[in-house]
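# Structure assessment
Take a look at the letters that make up each chain.
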Amino acid sequence: MRTTDESIVLGLHRSGHSRDLLEAASDLGIRRIDTASNYLRHRSHETLKNTAGNLLPNFSVSTKVGFFPEGHSLDPARLRIAVEQAVRDLGHEPDLVFLHNPEHSTSDAGTLGPACAALADTARAGLCRSWGVSTWDPRPLVNLDVPRPDVLMVRAGLLVGADVLEAAEVLVTRWRPSQVWGMSPFGGSTAQEVWGRFDPGVFLRGSASVTKVQAAFRSSYVLPRVDTVAVGTDNVAHLRELAEALAHEVDMNVVQEYRQLLKSRQLA
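The following refers to the structure shown. (Residues numbered from 1 in each chain as written. Predicted model: local features only at pLDDT ≥ 70, side-chain atom pairs only at ≥ 80, totals over all residues. Heavy atoms only, no water.)

### As for unusual backbone geometry
Cis geometry marks the peptide bond from leucine 223 to proline 224, where omega comes out at -5°. Residues other than glycine seldom take positive phi values, yet histidine 17 does so here, at roughly 60°. Its location among the elements puts histidine 17 in the loop between strand 1 (7–11) and helix 1 (19–27). Phi angles above zero are rare outside glycine, and serine 184 is one such case at about 50°. You can see serine 184 is positioned in the loop between strand 9 (179–183) and strand 10 (204–205). (Helix = DSSP H or I, 4+ residues; strand = E, 2+ residues; numbered from the N terminus.)

The structure is reproduced here in structure tokens:
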């Protein structure tokens, strides 16, 4: 049975890739960084290498390929070239390479299967240690089969709709990834109005001392159930707040009631 290690991945989607942030993450015991070939206007890999410097070996680096300056593509040859370029820009092989949002370019296994096989080949060739699929909207993928990925990354948290949650869980059952990662636990920002309208602390046991941000983040590990969550920030205090949230326990009875409520509203 899959177990949850409940760690944090520092996501660089909205990050400025600052040295101070990377040092703080390392001090907090965060050992994973997630980026993509198209982040920071297609300069994330090179910027990360130059900014992190001697810190980079402290981290396991995951990245994503699929978005190119001219658009999205699942062409196997282009994906391999993108992985090779990532190796050059980072200065070493990434630990994990995701196929980035394949739903942008696929509606059948005729395109998705070969794309996944190409990434699996890059892992076998030593261009990366493992491969996976990162999907923002898993619904178009639920009836498709692929080689078994090492990691599946999906949206997680209280703002994920019932249909997307269910689709993610279908993919976990169908593809049987070794790990499942969550992303975007706040739906883009903790400053959204929705976070001021209710207290997500109800999802945690003994939540008297927990902040709303911590409660929302901790809950994302079970909506759907994931092994780790990628979260982006440039604020060291915010990152520390999230790390402290992992000490709290989720009330699974409340989560189950919430899932039933989501389902009933979906059917209404």
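### A short note on the nonpolar core
Counting 69 residues, the largest nonpolar core has Leu10, Leu48, Leu99, Leu112, Trp175 and Phe217 as its most contacted members. Membership of the second largest hydrophobic core comes to 8 residues, among which are Leu96, Phe98, Met153 and Trp181. (Core = buried A, V, L, I, M, F, W, Y, C linked by side-chain atoms within 4.5 Å. Buried < 20%, exposed > 50% of the residue type's maximum accessible area, 1.4 Å probe, protein only.)

### Notes on the packing of helix 3 (residues 44–52) against helix 4 (residues 76–90)
The geometry of helix 3 relative to helix 4 is characterised by a closest axis approach of 8 Å and an angle of 25° between their N-to-C directions. Classified by the angle their axes make, helix 3 and helix 4 are roughly parallel. Judged by the sense of rotation from one axis to the other, the crossing of helix 3 with helix 4 is right-handed. Residue-level contacts link His45, Glu46, Leu48 and Lys49 of helix 3 to Ala86, Arg88, Asp89 and Leu90 of helix 4. Residues that form the contact of helix 3 with helix 4 fall into these classes: 3 nonpolar, 1 polar and 4 charged. (Axes fitted to C-alpha atoms, helices over the stretch in contact; angles between N-to-C directions. Parallel < 35°, antiparallel > 145°, perpendicular 65-115°, else oblique. Left-handed = near helix turned anticlockwise from the far one by under 90°. Contact = heavy atoms within 4.5 Å. Nonpolar A, V, L, I, M, F, W, Y, C, P; charged D, E, K, R; others polar.)

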